[in-house]
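Read off the chains here:
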Amino acid sequence: MCGIFGCVLKEGNAAPVIHGSLKRLEYRGYDSVGEVTLHNGQIFIKKDQGKIDEVHKLHNLDDLPGNIGIGHTRWATHGAPLQVNAHPHVDCSGQIALVHNGIVENFVELKLELENRGHVFQSKTDTEVIVHLIEDVLNVNPSLSLTDAVLETIKKLCGSYAIAVVSTKEPDKIVCARNESPLVIGVNENALYCASDIPAFLPLTKKAVIIDDGELVTLSLKGLEIRKIADSSLVTREPKLIDWTPEMAVKQGYPHFMIKEIHEQPDCLRNTLRLQEHYLDLMATFPDRAREVFLVACGTSYHACLAASYMFSKLAFLATYPVIASEFIEQHGKSVNIDSTILAVSQSGETADTLAAVNCARQRAATILGLTNAIGSTLTRVSRVYIGQQSGPEIGVAATKTFTSQLSVMAQIALRLAKKRGKVSQDEMDYLADRLQKLPDIVKTIIETQEEKVKQIAKKYKEAKTFFFLGRGISTATAYEGRLKLMEIAYVPAIAFPAGESKHGPISLIEPGFPVVFICPKDEAHKTLIGNIMEMKARGASIIAVIEEGDEEIKNLADDYIEVPKDIPEVLSPIPFIIPLQLLAYYMAVERGFNPDTPRNLAKSVTVK
Ligand code: F6R
């Protein structure tokens, strides 16, 4: 997730307008920033790594000349957050500049073709191929307009993009286009704006034109022209009046970041499915060779590791050890060695406990692999190989979208490993790969169809003093994560156990009306889980079950149930099954009068041990 912005002004300098608008998009990414303007047929660029304020202090982002320009605030996906990788990127001649939000999946092939034709690349980004492709199209056919050159270029791209392009050859225009990354146009009498999100231009205009996937827009002082990318046909669309306050705008109309981020999960999961094969293969190579593999993390990231240990075991027949990072040194510090591989998982890449475990393992020559949402974080610097989880910045303190993204990435690594080790038949691999591709839509369906129901369940149980969360097998991880969410933002003490373990002690807590949440995918443990539900029911517990659609047996036993679509493979089940529990925690917090975005005593990144 990055932020793009552009403006064409009747009067005045574009640079301070771009700067102010990028500040309002900073929640989309903040590891580097850049601007380009056009003036007297020349291009002027400033860009650097760092937060917008830091870069402004060093370079003064406001003094670029000209009334037209584009800008970008970055959240690195391909290429570390360095000046050279910051947007805008330019072609070989330095006459065309471009900003991009999204992922170009086929950039490796495109880059090779372009290099063979003599293009020289400066950065490690996927984005830079787009601007060289535009140049290439214009080299072949110099009479094409910028709009037509961009149209021809984007037909060659696979993946997601919202782009804005300027060129000295047509210095009065910005051409932008979108596919699966957001793009909106702001309109007033004196200016046109393009941006990733409405908040970017909200103080400048309340009139917005929403651009759809597969559309290209040309902005100039003459107005805006929207075309369909497929056949270049013109589209007419009237601007809408946006009546959001600036605070609502940053949250895109949602009351809290947490619920916005829960709703972003289908898109984040789609992004994880665009990871480069090469990195996934590399990540799978080391566990395959290691004598022992530890999955090390804290909090929600640890729960993702716990689920992943079932994935590695069931798919690749590989035993891995999930370890809570703060315990790693005590438990394994003396035995970890050159034959050990540590997969450290950390959304922030800066968690002190995780980094301490990694440090200890590094000193003993173990191989460190990193999975993180923050490219450029300490974890990426100390890992032999790392992979980005592609979730974009998460503002709500409670991890939601980053959890499901971590699970999706680790499922893909486990599948690669299974293939390498020849443990899964081709048919099963194809089936699992197909279901993984469908997960973004499945998660979308759950949010669309179950949110209201979960809200009602939260209303019903808002006074409950304690909650139980139970699941078997991989759903144990889902149960632990559901409990953590509820405790940390709704302040409801909660207990989670593997369901089979509850009769060894915790069941003594049950008394009439005690809410027990069961996670019930239709896997091999389903029958046994029904037994566990009966045990609880017999003692008067109120059963809240998360079930697969049409699971009549559990529906009949439960006091309340939430449904997820059926036919989800067991190893992937934590991704859809956690969604209702994230919603439950969110609505419980709201019902109980707490702000879910800022739970007391907690910080987003825990940098102390
Ligand atoms: C819970 C939560 C925390 C983090 C934990 C690890 O919602 O956000 O439990 O998961 O502090 O953080 P990272 O993944 O940044 O290492």
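As a reminder, the structure under discussion sits directly above these lines.
Residues numbered from 1 in each chain as written. Predicted model: local features only at pLDDT ≥ 70, side-chain atom pairs only at ≥ 80, totals over all residues. Heavy atoms only, no water.

(A) The arrangement of the sheet that holds strand E18 (residues 340–346) in detail. One open sheet accounts for 5 strands, arranged E17-E16-E18-E19-E20; its pairing is parallel. The sheet is open, and its two borders are formed by strand E17 (321–324) and strand E20 (385–388), each paired with just one other strand. Ignoring which end each strand starts from, the neighbouring axes of this sheet average 20 degrees apart. Direction of pairing for strand E16 (residues 292–297) relative to E17: parallel, over a ladder of 4 bridges. Counted as the bridge partner of Ala297 is Ile324 from E17. On the sheet, helix H10 (residues 299–316) packs against E16, E17 and E18 and is oriented at approximately 155 degrees with respect to E16. Its contacts with the sheet place helix H14 (residues 401–420) against E18, strand E19 (367–372) and E20, and it is angled at close to 150 degrees to E18. (Pairing = 2+ DSSP bridges. Helix = DSSP H or I, 4+ residues; strand = E, 2+ residues; numbered from the N terminus. Axes fitted to C-alpha atoms, helices over the stretch in contact; angles between N-to-C directions. Contact = heavy atoms within 4.5 Å.)

(B) Representation of empty space enclosed by the protein within the structure. Per the counting criterion, the structure on display carries 2 cavities of 30 Å³ or more. Considering only enclosed or pocket space, the largest cavity measures out at about 60 Å³ in volume. Along the walls of the largest cavity sit Cys2, Arg74, Trp75, Thr77, His78, His87, His100, Gly102, Thr125, Asp126 and Thr127, which together make up its complete lining. By volume, the second largest cavity is sized at about 30 Å³. Forming the walls of the second largest cavity are Trp75, Ala76, Thr77, Thr372, Asn373, Ile375, Gly388, Gln389 and Gln390. Looking at the lining of the second largest cavity, its residues break down into 3 nonpolar, 6 polar and no charged. (1 Å grid on protein atoms, 1.4 Å probe; cavity = no way out; pocket = protein on both sides within 12 Å on 5 of 7 lines; lining within 4 Å. Points joined across faces, edges and corners; volume = space filled by probe spheres on them. Nonpolar A, V, L, I, M, F, W, Y, C, P; charged D, E, K, R; others polar.)

(C) Main features of the sheet that holds strand E4 (residues 68–74). Strands sit in the order E3-E2-E4-E1-E10-E9-E11-E15 across an open sheet of 8 strands; the sheet is antiparallel. In this open sheet, the two edge strands, each paired with only one partner strand, are strand E3 (42–49) and strand E15 (240–241). Taken together, the 3 bridges between strand E9 (residues 184–188) and strand E11 (residues 207–210) define a ladder with antiparallel strand orientation. Across the sheet, the residue bridging to Ile185 is Val209, located in E11. Each of strand E2 (32–39), E3 and E4 is contacted by helix H2 (residues 52–59), which is oriented at about 125 degrees to E3, the strand it contacts most.

(D) A look at the pairing of E16. Burial analysis of E16 places 6 of its 6 residues in the buried class, the great majority of the element. Neither face of E16 is left uncovered, since the one carrying Glu292, Phe294 and Val296 and the one carrying Val293, Leu295 and Ala297 both have all their residues buried. Relative to E18, E16 runs parallel, the two sharing 5 bridges. Bridged to Leu295 within E18 is Leu343. The handedness of the E16 to E17 crossover, carried by H10, is right-handed. (Buried < 20%, exposed > 50% of the residue type's maximum accessible area, 1.4 Å probe, protein only. Right-handed = clockwise from strand over helix to strand, strands pointing away.)

(E) Representation of the environment of Ser383 in the model. As for its position among the elements, Ser383 is in the loop between helix H13 (378–382) and E20. Given the relative accessible area of 10%, Ser383 is considered buried. As for Ser383 and Gln347, which are separated by 36 residues in sequence, their C-alpha atoms are 14 Å apart. A distance of 2.6 Å separates a polar side-chain atom of Ser383 from the backbone oxygen of Leu379. (Polar contact = N/O pair within 3.5 Å; in protein donor to acceptor, adjacent residues only side chain to side chain.)

(F) Examining the site of the ligand more closely. Close to the ligand lie 15 residues; Ser301, Ser346, Ser348, Thr351 and Glu488 are nearest. Contacts to the ligand include Ser346, whose side-chain N or O atom sits 2.6 Å from an oxygen atom. In this structure, an oxygen atom belonging to the ligand sits 2.7 Å away from a main-chain N or O atom of Gln347. If you map the ligand onto the pockets, it falls in the second largest pocket. In the shell around the ligand, the residues fall into 6 nonpolar, 7 polar and 2 charged. (Near = heavy atom within 4 Å. Sits in = over half its atoms within 2 Å of the grid points.)

(G) Fine view of the pattern of salt bridges. As enumerated under the stated definition, the model contains 34 salt bridges in all. Note that Lys46 and Asp63 form a salt bridge whose closest N and O atoms lie 2.5 Å from each other. With Lys46 in strand E3 and Asp63 in the loop between H2 and E4, this residue pair connects regions lying 17 residues apart in the sequence. Relative accessible area serves as the criterion here: at 17%, Lys46 is assigned to the buried category. Put simply, Lys455 and Glu452 hold a salt bridge, and the shortest N to O gap is 3.6 Å. (Salt bridge = Lys/Arg side-chain N within 4 Å of Asp/Glu carboxyl O.)

Everything listed is a geometric property; what it means functionally is a separate question.
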